[in-house]
Amino acid sequence: MNKHNKTRSNDFHVTSIVYGCVRRAIWERKAGTKPVLEDEKLYKPWIGTKLHETPITDGHEIGVKFKFGNQTLTGGIDEILKFGDDYYIIDKKFVWYVPRETYPHHIEQMATYASILFNADEIYKLKGTEWKATKNKYKGIKFRGMILYYIDMVERDDDFRVHPYVHLLTDSDYDYYRQKIDSFLNECLEHYDDELPPNIFDKADWACKYCRFEEICKEEWKRNHNDVNS
């Protein structure tokens with residue numbers, strides 16, 4: 001397996017919560033690894049990996065687990081910036097086209113991390129090949145906001161263009177995302193042993209295009225609609 005396709009631990013991933021697809025969350029957890037990419041598709045992930053590995057703050061984070069209730073969530077926070085008395089989550093996004101405003105799912109992703117950090121008792125960091133638990137020093141801290149860096153991947157004289165966006169958090173965001181996380185995890189556990197857990201394919205969701213299980217859901221959708229039309 002290519003070194004850029006790292007093994008994921010068998011926990012629920014924060015990205016799956018953001019996408020909101022129970023099937024994807026369960027199957028990603030059971031699969032435990034990221035899909036293998038073709039060599040010609042590795043340019044963007046390789047550049048992204050190198051830039052993610054380069055710290056721009058003292059709060060540089062790579063590959064973490066969070067103890068959240070009786071479940072463990074995995075994910076990764078790029079940077080945590082302390083500015084005066086305020087804390088900000090920084091996320092680096094690598095894009096071919098810079099959006100005019102932040103994508104809603106990017107805001108949800110970072111707000112979910114802010115809620116997890118506010119509530120989690122422990123954080124696990126990858127030390128070599130083992131996960132080591134440390135006390136969550138951000139527990140109880142409400143982040144002032146989030147900074148998104150959209151990094152334009154289009155080549156221009158071997159240079160990249162960075163477009164920063166700032167989104168502020170409110171107190172109500174923490175309650176909302178805590179409830180969302182709890183609700184989603186409970187639904188995943190309820191359907192964990194289902195042969196076909198519920199999915200979001202019927203909504204023709206954009207996230208399906210980035211899911212390795214899309215073809216399975218597409219075939220199921222065709223069968224169901226053929227039955228209806230027959």
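Residues numbered from 1 in each chain as written. Predicted model: local features only at pLDDT ≥ 70, side-chain atom pairs only at ≥ 80, totals over all residues. Heavy atoms only, no water.

(A) Representation of the overall build of the protein chain within the structure. When you go through the protein chain residue by residue, the secondary structure sums to six helices and 10 strands. Each of the 230 residues in the protein chain was classed as buried or not, and the buried ones make up 42%. Intrachain contacts of the protein chain at a sequence separation of at least 6 include 66% that bridge at least 24 residues. (Helix = DSSP H or I, 4+ residues; strand = E, 2+ residues; numbered from the N terminus. Buried < 20%, exposed > 50% of the residue type's maximum accessible area, 1.4 Å probe, protein only. Contact = heavy atoms within 4.5 Å.)

(B) A look at the nonpolar core. Counting 40 residues, the largest nonpolar core has Phe-66, Leu-73, Ile-89, Ile-116, Leu-117 and Phe-143 as the members making the most contacts within it. When residues of this core are traced back to their parent elements, those giving at least two are helix H1 (14-19), helix H2 (22-31), strand S3 (64-68), strand S6 (86-95), helix H4 (104-119), strand S9 (145-156) and helix H5 (171-190). A per-element tally of this core places H4 first, with seven residues. The residues contacting Phe-66, other than those within four sequence positions of it, are Gln-71, Thr-72, Leu-73, Ile-77, Tyr-113, Ile-116, Leu-117, Ala-120, Glu-122 and Ile-123. Grouped together as the second largest cluster of nonpolar side chains are five residues, Cys-21, Phe-201, Cys-208 and Cys-217 included. (Core = buried A, V, L, I, M, F, W, Y, C linked by side-chain atoms within 4.5 Å.)

(C) The arrangement of a negative patch on the surface in detail. Taken together, the side chains of Glu-187, Glu-190, Asp-193 and Asp-194 make up a negatively charged region of the molecular surface. Among the structural elements, Glu-187 can be located in helix H5. (Patch = residues over 30% accessible without salt bridge, like charges linked within 9 Å, V, L, I, M, F, W, Y side chains within 5 Å. Areas by Shrake-Rupley, 256 points an atom, 1.4 Å probe, with all protein chains shown as cover. Salt bridge = Lys/Arg side-chain N within 4 Å of Asp/Glu carboxyl O. Lys, Arg positive; Asp, Glu negative; His and termini not counted. Charge placed at Lys NZ, Arg CZ, Asp CG, Glu CD.)

(D) Region of the structure containing the side chain of His-191. Of note, His-191 is situated in the loop between H5 and helix H6 (214-229). Look past the residues within four positions of His-191 in its chain and what remains in contact with it is Val-22, Ile-26, Pro-197 and Pro-198.

(E) Molecular detail of the confidence of the model for the protein chain. Taken as a whole, the protein chain shows an average pLDDT of 79; of its residues, 79% reach a score of 70 or greater. Averaged over each element, pLDDT in the protein chain is lowest for helix H3 (residues 43-52) (60) and highest for H5 (92). When the criterion is pLDDT under 50, residues 1-8 qualifies, and its contacts beyond four places in sequence or with other chains add up to 21 contacts. Taken as a whole, residues 35-43 scores under 50 in pLDDT and shows 13 contacts with residues more than four places along the chain or in a different chain. (pLDDT = per-residue confidence, 0-100.)

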